[in-house]
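Each chain, written out:
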Amino acid sequence: QVQLGESGGGLVQAGGSLRLSCAASGSIFSINAMGWYRQAPGKQRELVAAITSGGSTNYAVSVKGRFTISRDNAKHTVYLQMNSLKPEDTAVYYCNAGLTGWDYAEYDYWGQGTQVTVSS
């Protein structure tokens, strides 16, 4: 059984910063890509940023230059540093991880979500 535990959300004023963390725990053989998605009220869930096991990154156009994704493979943790936050960044942020189990099968896991609210 694998779980993704998220932390770091909250309320911040526009222009402020937050750092999200997501740690994977349980029976893990290896973690492949990890990423952050977000879903605002009335909108579809969208990719914010992703990072491969080798460190290659991909960002949504709307956050490029403001957000930075990173990971600590030894701790099975992915981070999202969010700077220059805007009210339109307000959403529930979800951690996602692609894992290889000890049976060599591929699994996709999601965190429970953490609320980020940016006030104007």
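Keep in mind that this is a model prediction, so the values were computed, not measured.

A. Representation of the overall build of the chain in the model. For the chain, the helix and strand inventory stands at zero helices and 11 strands. For 120 residues, the compact-globule estimate of 2.2 N^0.38 gives 14 Å, and the C-alpha radius of gyration of the chain, at 14 Å, lies within 12% of that figure. Based on the C-alpha atoms only, the size of the chain along its principal axes is roughly 50 × 25 × 25 Å. A total of 120 residues make up the chain; the buried ones form 41% of that total.

B. Structural view of the pairing of strand β7 (residues 67–72). The alternating pattern of β7 places Phe-67, Ile-69 and Arg-71 on a buried face, while none of Thr-68, Ser-70 and Asp-72, on the opposite face, is buried. Bridge count for β7 against strand β8 (residues 77–82) is six bridges, and the pairing is antiparallel. Counterpart to Thr-68 in the pairing with β8 is Gln-81. The hairpin turn running from β7 into β8, its antiparallel successor, is four residues long, and His-76 in that turn takes a positive phi close to 55 degrees.

C. Broad picture of the pattern of salt bridges. In total, this model carries three salt bridges according to the counting rule given. For Glu-46, the salt bridge is made with Arg-38, and the minimal N-O distance between the two is 2.7 Å. Owing to a relative accessible area of 35%, Glu-46 belongs among the partly exposed residues under this scheme. Of the charged contacts in the structure, one is a salt bridge between Asp-89 and Arg-66, with a shortest N-O distance of 2.8 Å. Placement of the pair is Asp-89 in the loop between β8 and β9 (91–100) and Arg-66 in the loop between β6 (57–59) and β7, with a sequence separation of 23 residues.

D. Layout of the packing of aromatic side chains. Scanning the entire structure with this criterion turns up four aromatic pairs. Arranged with centres 5.4 Å apart and planes meeting at 75 degrees, the rings of Phe-29 and Tyr-104 form a pair that is edge-to-face. Separated by 75 residues along the polypeptide, Phe-29 in the loop between β3 (18–26) and β4 (30–39) and Tyr-104 in the loop between β9 and β10 (106–110) bring together distant segments of the chain. Exposure remark for Phe-29: the relative accessible area of 37% places this residue in the partly exposed category. Over the ring of Tyr-94 we find Arg-45, and its NZ or CZ is 3.8 Å from the ring centre. Lying across the ring of Trp-110, Arg-45 places its NZ or CZ 4.7 Å from the centre.

E. Focus on the side chain of Arg-38. Within the secondary structure layout, Arg-38 lies in strand β4. Arg-38 sits in the buried class, given a relative accessible area of 6%. A polar side-chain atom of Arg-38 sits 3.3 Å from a polar atom in the side chain of Ser-62. Within the structure, the side chain of Arg-38 is placed 2.9 Å from the side chain of Tyr-93, a separation counted as a polar contact. Arg-38 has contacts with Gln-44, Arg-45, Glu-46, Val-48, Ser-62, Val-63, Phe-67, Glu-88, Asp-89, Ala-91, Val-92 and Tyr-93, leaving out every residue within four places of it along the chain.

Cut-offs and rules
Residues numbered from 1 in each chain as written. Predicted model: local features only at pLDDT ≥ 70, side-chain atom pairs only at ≥ 80, totals over all residues. Heavy atoms only, no water. Helix = DSSP H or I, 4+ residues; strand = E, 2+ residues; numbered from the N terminus. Rg over C-alpha atoms; globule rule 2.2 N^0.38 Å. Buried < 20%, exposed > 50% of the residue type's maximum accessible area, 1.4 Å probe, protein only. Pairing = 2+ DSSP bridges. Salt bridge = Lys/Arg side-chain N within 4 Å of Asp/Glu carboxyl O. Phe/Tyr/Trp six-rings, centres within 6.5 Å; stacked < 30°, edge-to-face > 60°. Lys NZ or Arg CZ within 6 Å of the ring centre and 35° of its normal. Polar contact = N/O pair within 3.5 Å; in protein donor to acceptor, adjacent residues only side chain to side chain. Contact = heavy atoms within 4.5 Å.

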